[in-house]
Every structure is written in structure tokens, then in C-alpha cells.
Amino acid sequence: MNQLIKLYLSHFPKGSTELIEKAYKFAKEVHHGQERASGEEYFVHCKKTAENLASWGLGDTTIAAGLLHDVVDDTNIELEQIEKEFGKDVALLVRGVSKVGKLKLRQSAKMDLVENLRSLFLVMAKDIRVVFVKLADRLHNMQTLEYLPDFKQKRIAKETLEIYAPLAERLGMGEIKGQLEDLAFPYVYEKESKEIEKIYEAKGRELEHYLENVKRKLRENLERQGIKAQIDGRAKHCYSLYRKLLLKNNDIEKIYDLVALRILVNNIADCYKALGVVHLAFRPAFALAPIKDYIANPKTNGYRSIHTNVLGDNGYVFEVQIRTFQMHEEAEYGLAAHWHYSESKKSGRVSDVELEKGLRIEDEYLTQLEWVKRLASWQQSEKDPEEYLKALKTDIFNKRIFVFTPDADVIDLPQNSTPIDFAYQIHSDLAEGCSGVKINGKIAPISTKLKNGDIVEIIVSKSVKGPRRDWLEFVVTTEARSRIKKALRSK
Ligand code: MN
């Protein structure tokens, strides 16, 4: 238990350990005698899940839920008892990661997955922390995947690549996403992952040596300018390198950023100062990749950092990422890091500076929740599991675009969305009264594919009693599709 408590206290120095200790003893006792496929005591899995959560900076409620997450599925303890012993919040989180309807006949693995996701998303809209528990559980399952039979390995690894890693990314948990992908990669793409490994082996030593020199040079230059910085060098995650290779027709010579350097500084002003230092020490390679300022223009998942590519001594090009320590924590642990601040704020354990950070974060956090709520609301309308999974992948995890209402409200949509998708996102009355649309002030067809930054104005006419059947041919969001179908049925 010591390791877990230590992790928790490192994020919450004055936190109470009572709940965690109680959950620890409880889970250990009820799982007693059970084993994992690895032959290890089952409880080890519960402990590892909880340790993941503690290391991401989550609080005692979430950690307790991590310890108890398999109790309902795998022992004869009922949810009611969890609620009585550990309170409503812990019970809700445990419910979200438990299988639904234990007594129901298992139809197929895919059906199982869909049912599990449905229950997860339903709870997610009420309490986002359930996703952290699920991801922590999945991370440990992936780390111990080798002990399962082949056919299960492949299925679970594929699920991880298609659902859980994108989910982590959507929540801004970049480091977790990278870990999940790299763990799944060898099981889903056996041959390809071996090739990537070879590339790293062949180039590894050369790169390492090279990086050390670059780091030294940068450190000296930063020091001279009086900038306090931490410099990390690292190889890219294997799976993301593989994806890049696919884009570049497998030409490793075109992947110039096999390694990346990260400069962490104390504040935003130092980020831009450090950028200057980097560009004076190494020539920027603007022709290959423009400089990306995600501090001035954060990514939609909240990611902030400056990326620049520079030319090294012997023709090497490498990427340098510059960000503050705070941004770094958010980039690695995403929403989990945000949650940490709001939890500490509630308990009055933060300084004013942290409080201010927390308030800004809370806004971002609420925007994140919008799509979570949408996910929960339409997930009940789609009954076919195939369709449901397809919709999930396109709606939630694909690239998003952001368009504006005439009042400058931002609407978040999947790529290829049309004005009808846009209208349904706002209100079905607006969509169903739609007689035309103006995009950026000009009349346009209602099936136009919207682009990032478009200002969309729906023209409403009382004589229009939509929807029309042919809308189904071009809408892309599940929201629009299911509402159109429903309205057509009731006509
Ligand atoms: Mn589990």
C-alpha cells in the first residue's frame, strides 16, 4: 500500500488517506484467492490500476474506485454494498466500468464491447472521472496482455487502438495515448512493429550520441540568456512513427524527426525567449515544416506548446517542442491534470496562482464535457452494434472542425459536416425549419461541406416542415441522422 499512498500524497500533500486505505483492504480481501492469467494474485491488477490513477494526480475518490473497479464483476459483492461502504461517487464510478447486465447471455465479443462502452459513456456524462478509471484499467491490461490467448490479444489490442487510445487523445492525455498505442502495436501489426524496432536499433546509438551534443549546446545557450530550463530528448513513440511512415510511403529518409527535443520552462515569456535561442543555435527548417505556435493557438483538445523544426550539424532535422511545466503536465495527463486542480481547489488546498490556473482550466473542462454529454444522449438511439461502433469512430474520434454561428458561438463538428448537421447540433427546430443557408454571408447549398472557421447562418421559413428524406444522403453526424429518421417515422 505504501507505494500507492506515496503517489497520492505527492499530489495531495495534506490529503486524507482514509478512503484509499479502506478500499485497499476491502478489495484485497474480496479478491482473495483469485488469480490473473499471469498467475499473479488478482488484487495486483486492482493495485496497479489505482497506482496509475494516483500517478496522474487524481484524488482519493477516483483511486478508491480504481481499487474496487472489478469487485462487482468478479466477486459476489453488489453495487449497493459499495455505495454503503464507500459512498455514492465511488459506487457510480465502479458502475461505469462494470459490465452491464451480468445475467444477460453473452452474444459476442463485439456486443460486449458495445455494452461496456454504453455503460461507460452513460456514466461519463455524469462523472468524467470514470474514463480515467477505465483508461488506468486498460493500461494495466495492455501491460499484461502477453498472458492471454492469441485470439483475445488481437481483439483487445485492436479495441485499444481504435477506441481507447483515441479516447485518451480526445481528453488531451497524450502520454497515455502514446503508451496504449505502443503496447497494442505489436499485437495488431506484428510484422510492421518489428520493422520499426529494427529502424530504432539501427539508428539508435547514432541518434543518442547526436542528441547529447545538441542538448549540451542548447543548455549552454539557454543558460547564457538566463533562462531556467529542463531539456528532454526522446525517440518518437513507435506507433506514431509507423503512422508517419505510412504517410511518407515508407521512406524513412523522409522522416526527419525520429527524435524530438523538449524544452520545459517556467513561464510563457520564457517559451518565446527559448524559441529565439533555439533558432540562433540551429537554423530553422521552415521549408520542411512551418513553426507551429499552439500557445497562441491551442489545439482543440487544449494542447499548448510551440513546435519548430531545425537543421542540425550533419544535415539532421529534428523537432523542438517548447512549453511550460504546467502545459507539459496538461499535455501528458490532459483532463486528469485539469481535474486535479479543481479537486484541490474544492478542498481549499491551492495557492492563488494555482486557483487562477484552475479557473481557466475549468472553462476548457466544460467544453470538453459538451461532447461527452452528446455521446451519452445519442448512444441509446443506435441499436445495431456495428453501426454504433462506426458512428463512434467517425463522430467522436475523427478530426473535428469548428464553425461559428452568426453570434460567434463555436460549434464543434466532425469533418465533412454540412449546415444540416450544424443546425441539428443547435436545435432540431432550427434544422427542420431550414429553407436555405448562408455560409460566410453567401447563399450556399445545404449539403455544402463546412470548413474550419466558417460562419454559418441557417435561414428559417415557417412554411418549411422538414426534414426531407434526401438529407440522409449527406448528413454525417449521428445526432442529425437519428433525429431525421425519427421525424420521418412520426410523419
Ligand atoms: Mn480490470
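Numbers given to residues run from 1 along each chain, matching the order in which its sequence is written. Only residues with pLDDT of at least 70 are given local features in this predicted model, and only at 80 or more are side-chain atom pairs given and counted; all residues enter the totals for whole chains, interfaces and linings. As a rule here, side-chain values come from all non-hydrogen atoms in the structure, and water together with hydrogens is ignored.

## A short note on the coordination of the manganese ion
This is how the line gets drawn: The donor set covers N, O and S atoms within 2.8 Å of the metal, switching to 3.2 Å for Na, K and Ca, and it leaves out water, so a site may look short of donors. Under the scheme used here, helices are H or I runs from DSSP no shorter than 4 residues and strands are E runs no shorter than 2 residues, and both carry numbers assigned from the N terminus. Buried residues are those whose accessible area, probed at 1.4 Å on protein chains only, stays under 20% of the maximum for their type, while exposed residues exceed 50% and partly exposed ones sit between those limits.
With distances of 2.2 to 2.3 Å, the protein atoms coordinating the manganese ion are H45 (NE2), H69 (NE2), D70 (OD) and D137 (OD). As a motif over one chain, the donors of the manganese ion read H-x23-H-D-x66-D. Here H45, found in helix α3 (residues 43-55), pairs with H69, found in the loop between α4 (60-68) and α5 (71-74); they are 24 residues apart in sequence, far enough to count as distant. Given a relative accessible area of 1%, H69 falls into the buried group.

## A look at the sheet that holds strand β9 (residues 434-439)
Here is the rule we go by: Strand pairing is defined by DSSP finding a minimum of two bridges between the two strands. Helix axes are fitted to C-alpha atoms over the stretch in contact, other axes to C-alpha atoms as well, and angles between N-to-C directions run from 0 to 180 degrees. Contacts are assigned to residue pairs that have any heavy atoms within 4.5 Å of one another.
One open sheet accounts for three strands, arranged β10-β9-β11; its pairing is antiparallel. The two strands at the open ends of the sheet, each matched to only one other strand, are β10 (442-444) and β11 (456-460). Across the sheet, the axes of successive neighbouring strands diverge by a mean angle of 40°, strand direction being ignored. Across three bridges, β9 lies against β10 in antiparallel orientation. Bridge assignment links I439 to a residue of β10, and that residue is K442. Seen against the sheet, helix α18 (residues 419-426) touches β9 and β11 and runs at an angle of roughly 80° to β11.

## Topic: the packing of helix α6 (residues 79-86) against helix α7 (residues 88-97)
For clarity, the threshold we go by: Crossing handedness follows the turn of the near helix against the far one: under a right angle anticlockwise gives a left-handed crossing, and clockwise gives a right-handed one. Residue polarity is assigned by list, with Asp, Glu, Lys and Arg as charged and Ala, Val, Leu, Ile, Met, Phe, Trp, Tyr, Cys and Pro as nonpolar; anything else, Gly included, falls into the polar class.
Between α6 and α7, the least distance of the axes is 7 Å, while the angle of their chain directions is 150°. Every pair of crossing elements has a handedness; the one defined by α6 and α7 is right-handed. Contacts between α6 and α7 involve L79, I82, E83 and F86 from the first element and K88, V90, A91, V94 and R95 from the second. Here the contact of α6 with α7 is composed, by residue class, of six nonpolar, no polar and three charged.

## A look at the pairing of β9
Of the pairings in the sheet, the one linking β9 to β11 comprises five bridges and is antiparallel in character. Following the sheet pairing, I439 is matched in β11 by V456. Following β9, the chain reverses through two residues before pairing antiparallel with β10; N440 in that reversal takes a positive phi of roughly 50°.

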